[in-house]
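Listed below are the residues making up each chain.
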Amino acid sequence: MPNHPTKIIYPADVPKAKRSLYNSNWQLLTKKTGRLLLLAGDQRIEHLNSDFFGPGIDQADNDPEHFFQIADKMPIGAAAVHYGLASWYGQHYRRTAYVIKLNGKTNLLPGDPISRCLAGVGQAIALAKQAGFRLAGVGYTIYLGSQHEGQMMAEASEIIRQAHAQGLLAIVWIYPKGVNVKNENDAEIIAGAAGVAVSLGADFVKLKAPKPLTVKNIQRIVQAAGKTKVVFAGGSSRTAGQVFKDIQVQLAAGAAGVAIGRNIHQRSLTEASNWLRGLAAMIYEQKTAEQVLSRLKINKPSRHKIK
Amino acid sequence: MPNHPTKIIYPADVPKAKRSLYNSNWQLLTKKTGRLLLLAGDQRIEHLNSDFFGPGIDQADNDPEHFFQIADKMPIGAAAVHYGLASWYGQHYRRTAYVIKLNGKTNLLPGDPISRCLAGVGQAIALAKQAGFRLAGVGYTIYLGSQHEGQMMAEASEIIRQAHAQGLLAIVWIYPKGVNVKNENDAEIIAGAAGVAVSLGADFVKLKAPKPLTVKNIQRIVQAAGKTKVVFAGGSSRTAGQVFKDIQVQLAAGAAGVAIGRNIHQRSLTEASNWLRGLAAMIYEQKTAEQVLSRLKINKPSRHKIK
Amino acid sequence: MPNHPTKIIYPADVPKAKRSLYNSNWQLLTKKTGRLLLLAGDQRIEHLNSDFFGPGIDQADNDPEHFFQIADKMPIGAAAVHYGLASWYGQHYRRTAYVIKLNGKTNLLPGDPISRCLAGVGQAIALAKQAGFRLAGVGYTIYLGSQHEGQMMAEASEIIRQAHAQGLLAIVWIYPKGVNVKNENDAEIIAGAAGVAVSLGADFVKLKAPKPLTVKNIQRIVQAAGKTKVVFAGGSSRTAGQVFKDIQVQLAAGAAGVAIGRNIHQRSLTEASNWLRGLAAMIYEQKTAEQVLSRLKINKPSRHKIK
Amino acid sequence: MPNHPTKIIYPADVPKAKRSLYNSNWQLLTKKTGRLLLLAGDQRIEHLNSDFFGPGIDQADNDPEHFFQIADKMPIGAAAVHYGLASWYGQHYRRTAYVIKLNGKTNLLPGDPISRCLAGVGQAIALAKQAGFRLAGVGYTIYLGSQHEGQMMAEASEIIRQAHAQGLLAIVWIYPKGVNVKNENDAEIIAGAAGVAVSLGADFVKLKAPKPLTVKNIQRIVQAAGKTKVVFAGGSSRTAGQVFKDIQVQLAAGAAGVAIGRNIHQRSLTEASNWLRGLAAMIYEQKTAEQVLSRLKINKPSRHKIK
Amino acid sequence: MPNHPTKIIYPADVPKAKRSLYNSNWQLLTKKTGRLLLLAGDQRIEHLNSDFFGPGIDQADNDPEHFFQIADKMPIGAAAVHYGLASWYGQHYRRTAYVIKLNGKTNLLPGDPISRCLAGVGQAIALAKQAGFRLAGVGYTIYLGSQHEGQMMAEASEIIRQAHAQGLLAIVWIYPKGVNVKNENDAEIIAGAAGVAVSLGADFVKLKAPKPLTVKNIQRIVQAAGKTKVVFAGGSSRTAGQVFKDIQVQLAAGAAGVAIGRNIHQRSLTEASNWLRGLAAMIYEQKTAEQVLSRLKINKPSRHKIK
């Protein structure tokens, strides 16, 4: 990893007095590379217990502490978790940086989704201070095309401003979803989501990877996001080989990194660590998928599609 | 019961200056055992009059004072009641500790439930001070899977934070319920509810016991709750023998206690007291159901399933 | 009427500094008897013009001033009116005490009712001060079983607390009503409403009288209300004889008084006064219906059922 | 017009310190007669362009300035307009007094109407001060019987209180309307609306004239409004003769004046002025319709029913 | 362009202390001509990616920076963009003035549209200060005839007041739209929208051009807007010749300018610049469409109808 930080552009709503803090959060989150490996751990609300228990899932995963044990020693940019998990576990796992995922919803309801704030920016900052962990930013999910999209876009706007005002980074998850969204994986709608992210002023946007996963589609999306950096979910392929090769395509076409969750925490601590080291090598050190796969013992197919 | 308090982990949003108060509330609520026997008395709103009057219900139960007479002398951790009952009766029954149940709804409406706040954390604290009773914590119900789950999760989050900020414990009742919830008693969805509780930062979560009531199911749920302690409703069996044996299974598999309501207050003061003494012996002193049942005169079948 | 006040229990959220005021309002409202004769005058919003004009209604009743002329000299506990009526007429009729009915709705809409606040507690207090009339308390209607019950229960809770904080009494009207309420006159659901009233901390609850109007049903309801006092609408019988005898049953079985509206103000000043004197004799002096009926000239059948 | 003001009754929520201002606004609005000729100019939002352009409408009316040119020199009590019109034109037409109509909606939507606030009382006062025009009061429309009636009644209540607190008059437009309102012109429902107006504390209520337009119906409505003064729309007849005779009936039966809009501003400045002078003579000087009609050159039939 | 500013009328809610700033913003926005050439760049949220990528669209347009490169050197009055774009790009393109478009929605949802605020007036001002660009005003879209029109009219009212209070101009986009709007292009409904704009107090209103595009229709609309200036979308014709001739009709009939978006930014920087120079010559210098078309190399048909 590089010894000196990358140069960054500040969004104009980061006040002068907070630029230094914003910059250090940026370097922290990207390991001074400008790229992001985000370990997403918000599924305990989003997907309830099915992501954490069952055939093919390491039995350690049912305990919330497993996620933190993985995050603690790995070269990730940050672990993204809801407020309560950060409140209970963050104080004991302080080697990793955190992104507090501010809103959440379960997967029990059909139809147009809405995800409401469970904590505010100020509350995330206060928690980090009391718990003694480093908070690099905040996260928020927008379901574009839901009849509730307006509420979520408005709330995200406010959160981005508040984060910037405090020198934090703002990461938005934007998923087109709802009864009026025909194809969530279409490059056009994902590029549209990217355009919304930059229009709201986000620093990073987490998007689904488009299908088909072509260089042209990725480039279209990354370009449409403008100064907002794009991270994709780590690919929907089933085998480690394909996951890593998908990511290689994304990175080569301009993606700024990867956000990955289930494909990591459903594994044993050892296996999850191998995966994360592999991803880190690709993201931070430009290693190829082939180099990474040959070096690491990652060959078990992943049971689930990555979120 | 033990002479010295158990060691506890503080959620990080309990400020340093309130840790001592939080700890004493924790010891008060768990009788220094780390385990909880909660007497739930919120049914006057939740179930209206049918829980308090009718065949098989002791006629004393129709008067709200009956509940307080039971609570007053018994070795329970706390009595959970709505604000108004605490306002009228708490001042006269100050030997028990209280948990103010902050939200409530009746059972008159079909469809997706919503339970709204009837009092805030600060109002509960002010009431306790004016009435002279000990307030150990606050309670809040979330109906997961209801179309209103987002409002309740957001409100619960805020209440948990406010409770912790004031050194109080936060107990959430989480019941998956609504037109999109198929099986409220499934271990998977109850384990999901447990995961939501810890993701919100609750201290205790009250859950329905899963069906089938197996050690494996209980363990799955308790583990998924992580650092949030789990108490179950006292079992759905009809006879005292089965109720106590169900609880024994739960406790042995890791549950932190029992929350029980109708199965207690529908009985005469004497009978209710016997039941509570029995439960206390199991919860605080690790007595077996058999020991308890043989010692106490509890053999009348309970008419209702416990909530 | 008694010369010295009855002893009262203070709800705990009446602050020490306001107990004296609360007590004097209690004595004022109950004429030092602990019992309440409430003259309800909120129908101008609730029922629009049909309660005030038409066959069998004294023509004076169409003018809002008629109600105040009746209230002014009669031994009622208080006249319950909406803010605007109190604003226009209260200053000129200051011999009676008032309860400001804070919320209201018309009868034009079918389906699940909602009644919204038209004035707050502080505004009622300010009005009374400026107008120079005595404000003994505030009133609020909850339609239990309406899909909007949660909003009304929450608002009522807040109003009860605010009233107590200012030394005022809080009277809740609780009517089970809406598409999911099958039998509004059933003792069970009315007893449930009584239990909600005490769970919210109300001082008085106005309920419909149950059908059948038996001692047992009344007792069940009164007992379920605990420390909250119950007043019923004055009976649904058509003749004066039956109205007074129904009230006698209610009082004998434990009701704390009567709330009556249309059956009074639809009459001429003289006739209305006779009725109120009769009710006062029963409520405050334990006279029997027979004593009252023989003494007064009340024999014209009442055209409407009392609300 | 009289040389000395009429005596008025103050609603009790006009504070002592604002009585002098309230009184001067009352005298201004009623030209010291206690009666009101209100020129209503809120149709640009309420009816969009169809009231201002088309066959039978003077072509000057399409320009908003036409309304102000009419209002400026005429003996009206006030011109009622929305905030934006007052902001652009009020500064240049300061001879007339104004009532700012605070809420508004278009006529594009079927079903139950809701009209939301476009400006608050304080904002209307600030505007008047900056623009240099005299603000006599504020206006607000309630659609009774709409499923949104509760929101509008609550908001109107608040506005009436705020207006009184600032020494302004409050005029409510109350129109029963919506899918549950069968006959908007029935005397009973209009009398009900009058009763709502006084229950909210309004100074004036603008109502539709009942059908049939009989003395008995008008009296019923005016009496039901109690201390709130009633002004009707200027009659629904088509010819000038009938309009003026309808108004004569209303005034004779107790109405406090007229609110008229389209029937004035759709005419040329000269013709509109003749009409207003005629109305002023009837309202302020008790002239008969016959006297007025013979003196003025008003004989062209009015194309529209008056709102 | 003229050397000295045009005289303006101040809306009365621009405080005296802010008139100088309002005036300089007015001169800035209209290049001292009283006319407006607005470059609209809010489509990244409104239309997602389809306006920026695909056949017939210059490939540079997919990158948000393209829009700013066009705006930066051109004689436009202002570039209208959402907050986030201004936050990322405004600091680097400071030669143009900006209008922050405060609300937004995507095009994914059918039915009655609602567009919610993504930033407030104060936040736009703060951003401009921090970024160092000139903010001439704010923009807001109202969908008239949508069931949500009331919320948008109320919010627009507030924004107009806040803008004026800060010396900024307020531009409203008013589009009749929703299931109850039959013909969005009808002169009557567009004239109605113009009347709403002036009733809310807006400085400029952006409207669709009516069909048919006749002088009479344009005059009707412009006159109905009164002191609010009207700018139309640049015509719906497909060839450059027709677009420019449509604009000529509008300007000649009284329109105060043009708001144009897609028809500019979908072109290469060179071509877009030619178009804007042509429009500027027509708007600011009264050049004819013919003069402009012969001078400039604009002859490629425009692929899309202008918004």
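Cut-offs applied
- Residues numbered from 1 in each chain as written.
- Chains lettered and ligands numbered in written order.
- Predicted model: local features only at pLDDT ≥ 70, side-chain atom pairs only at ≥ 80, totals over all residues.
- Heavy atoms only, no water.
- Helix = DSSP H or I, 4+ residues; strand = E, 2+ residues; numbered from the N terminus.
- Rg over C-alpha atoms; globule rule 2.2 N^0.38 Å.
- Buried < 20%, exposed > 50% of the residue type's maximum accessible area, 1.4 Å probe, protein only.
- Lys, Arg positive; Asp, Glu negative; His and termini not counted.
- Charge placed at Lys NZ, Arg CZ, Asp CG, Glu CD.
- Pairing = 2+ DSSP bridges.
- Axes fitted to C-alpha atoms, helices over the stretch in contact; angles between N-to-C directions.
- Contact = heavy atoms within 4.5 Å.
- Least-squares fit on C-alpha atoms with pLDDT ≥ 70 in both.
- Disulfide = S-S within 2.5 Å.
- Buried area = accessible area lost by both parts, 1.4 Å probe.
- Salt bridge = Lys/Arg side-chain N within 4 Å of Asp/Glu carboxyl O.
- Polar contact = N/O pair within 3.5 Å; in protein donor to acceptor, adjacent residues only side chain to side chain.
- Nonpolar A, V, L, I, M, F, W, Y, C, P; charged D, E, K, R; others polar.
- Phe/Tyr/Trp six-rings, centres within 6.5 Å; stacked < 30°, edge-to-face > 60°.
- Lys NZ or Arg CZ within 6 Å of the ring centre and 35° of its normal.
- Arc of directions from axis to C-beta.

(A) Local environment of the overall build of chain A. Assigned secondary structure in chain A consists of twelve helices and ten strands. Taking 2.2 N^0.38 as the reference for a compact globule, 307 residues should give roughly 19 Å; the C-alpha atoms of chain A span a radius of gyration of 18 Å, in line with that estimate. With respect to the three principal axes, the spread of C-alpha positions in chain A is 45 × 45 × 40 Å. Counting over 307 residues, chain A shows a buried share of 66%. Separation of charge centres in chain A, based on 38 positive and 21 negative side chains, amounts to 6 Å.

(B) Layout of the sheet that holds strand β9 (residues 229–233) of chain C. All names here are of chain C. Within the closed barrel, the eight strands sit side by side as β1-β2-β3-β6-β7-β8-β9-β10. Their pairing is parallel. Averaged over all pairs of adjacent strands, the angle between strand axes in this sheet comes to 25°, irrespective of strand direction. Where strand β3 (residues 97–101) lies against strand β6 (residues 134–144), five bridges are found, and the strand directions are parallel. Each residue of the ladder has a partner; that of valine 99, found in β6, is glycine 137. Along the sheet face, helix α5 (residues 121–131) touches β3 and β6 and points at about 150° away from the line of β6.

(C) Representation of the arrangement of the chains within the structure. No interface is formed between chain A and chain C, the nearest pair of C-alpha atoms being 20 Å apart. Chain C shows no contact with chain E. Their nearest C-alpha atoms sit 20 Å apart.

(D) Spatial organisation of the sheet that holds strand β3 (residues 97–101) of chain E. All names here are of chain E. Here we have eight strands rolled up into a closed barrel, ordered β1-β2-β3-β6-β7-β8-β9-β10, and parallel in their pairing. The average undirected angle you get between the axes of adjacent strands in this sheet is 25°. In this structure, strand β2 (residues 78–81) lies alongside β3, joined through three bridges in parallel fashion. By the bridge assignment, alanine 80 is partnered in β3 with valine 99. Where helix α3 (residues 65–73) meets the sheet, it contacts β1 (36–40), β2 and β3, and its direction lies at approximately 160° from that of β2.

(E) Geometry of the relation of the copies chain E and chain D. Once chain E has been moved 0.0 Å along the axis and rotated by 72°, it coincides with chain D to within an RMSD of 0.0 Å. This pairing of chains is accounted for by a five-fold axis.

(F) Spotlight on the state of the cysteines. All chains considered together, the criterion is met by zero disulfides over all chains. For cysteine 117 of chain B, which is in no disulfide, the shortest distance to another cysteine sulfur is to cysteine 117 of chain A and amounts to 18 Å. Relative accessible area serves as the criterion here: at 19%, cysteine 117 of chain B is assigned to the buried category.

(G) Layout of the interface of chain E and chain D. In this assembly, 42 residues from chain E lie in contact with 34 residues from chain D. Approximately 3100 Å² of surface area, both sides summed, lies buried where chain E meets chain D, with 59% of it carried by carbon and sulfur atoms. At the boundary of chain E with chain D, the tally comes to one salt bridge. Taken together, chain E and chain D are joined by 17 residue pairs in polar contact (both at pLDDT 80 or more). Listed by contribution, the elements that provide at least two residues to the side of chain E that touches chain D are α1 (19–30), α6 (149–165), α7 (187–200) and α8 (215–224) of chain E.

(H) Representation of the pattern of salt bridges in the model. One pass over the full model with this rule turns up 45 salt bridges over all chains. The shortest N-O distance in the salt bridge between lysine 208 of chain C and glutamate 184 of chain C comes to 3.0 Å. Of this pair, lysine 208 of chain C sits in the loop between β8 (204–207) and α8 (215–224) while glutamate 184 of chain C sits in the loop between β7 (169–176) and α7 (187–200), and the two are 24 residues apart along the sequence. Between aspartate 42 of chain D and lysine 101 of chain D there is a salt bridge, with the nearest N and O atoms lying 2.7 Å from each other. Of the two residues, aspartate 42 of chain D sits in the loop between β1 (36–40) and α2 (43–46) while lysine 101 of chain D sits in strand β3 (residues 97–101), which places them 59 residues apart along the sequence. Across the pair, exposure class does not vary: aspartate 42 of chain D and lysine 101 of chain D are buried alike. Several salt bridges converge on common partners, so that one network encompasses Asp42, Glu46 and Lys101 of chain A.

(I) How the structure looks around the interface of chain A and chain E. Between chain A and chain E, the residue contacts involve 42 residues of the former and 34 residues of the latter. With its nearest N and O atoms 3.5 Å apart, the salt bridge here joins glutamate 65 of chain E to lysine 227 of chain A. Counting the contacts that link chain A with chain E gives 16 residue pairs in polar contact (both at pLDDT 80 or more). Mapped by element, the contributors of at least two residues to the side of chain A that touches chain E are α1 (19–30), α6 (149–165), α7 (187–200) and α8 (215–224) of chain A. Top element by residues in the side of chain A that touches chain E is α7 of chain A. It accounts for nine residues. Grouping the amino acids of the side of chain A that touches chain E by side-chain chemistry returns 17 nonpolar, 14 polar and eleven charged.

(J) How the structure looks around the packing of aromatic side chains. Inspection of every chain in the model, using the stated rule, returns 45 aromatic pairs over all chains. Each ring, one from tyrosine 98 of chain E and one from phenylalanine 133 of chain E, has its centre 4.7 Å from the other, and the planes form 55°; the classification is tilted. One end of the pair, tyrosine 98 of chain E, is in strand β3; the other, phenylalanine 133 of chain E, is in the loop between α5 (121–131) and β6 (134–144), and 35 residues separate them in sequence. The pair formed by tyrosine 98 of chain E and phenylalanine 133 of chain E is uniform in burial state, with each residue classed as buried. Each member of the aromatic cluster is reached from another via a ring pair, and the members are Phe67, Phe68, Tyr89, Tyr93, Tyr98 and Phe133 of chain A. We note lysine 101 of chain B situated over the ring of tryptophan 173 of chain B; from NZ or CZ to the ring centre the distance is 4.9 Å.

(K) Highlighting the side chain of arginine 161 of chain D. With respect to the helices and strands, arginine 161 of chain D occurs in helix α6 (residues 149–165). Apart from residues no more than four positions distant in its own chain, arginine 161 of chain D is found in contact with Tyr83, Leu118, Ala119 and Gln123 of chain C together with Asp13 of chain D.

(L) Structural detail: unusual backbone geometry. The omega torsion across lysine 211 of chain D and proline 212 of chain D is -5°, close enough to zero to call that bond cis. Relative to the helices and strands, proline 212 of chain D is located in the loop between β8 (204–207) and α8 (215–224). Backbone geometry at glutamine 286 of chain C places phi at a positive 60°, although glycine is not the residue there. With respect to the element layout, glutamine 286 of chain C can be found in the loop between α11 (269–285) and α12 (289–295). Unusually for a residue other than glycine, leucine 48 of chain D sits at a positive phi of about 55°. Tracing the chain through its elements places leucine 48 of chain D in the loop between α2 and α3 (65–73).

(M) Summary view of helix α5 (residues 121–131) of chain B. All names here are of chain B. Turning to α5, its buried residues are Val121, Ala124, Leu127, Ala128 and Ala131. Seen along its axis, α5 keeps its buried residues to an arc of 125°; they face one direction. Residues of α5 that are buried sit in contact with α4 (83–89), β3 (97–101), β6 (134–144) and α6 (149–165). Once α5 finishes, glycine 132 follows within two positions and takes phi at roughly 80°, a positive value.

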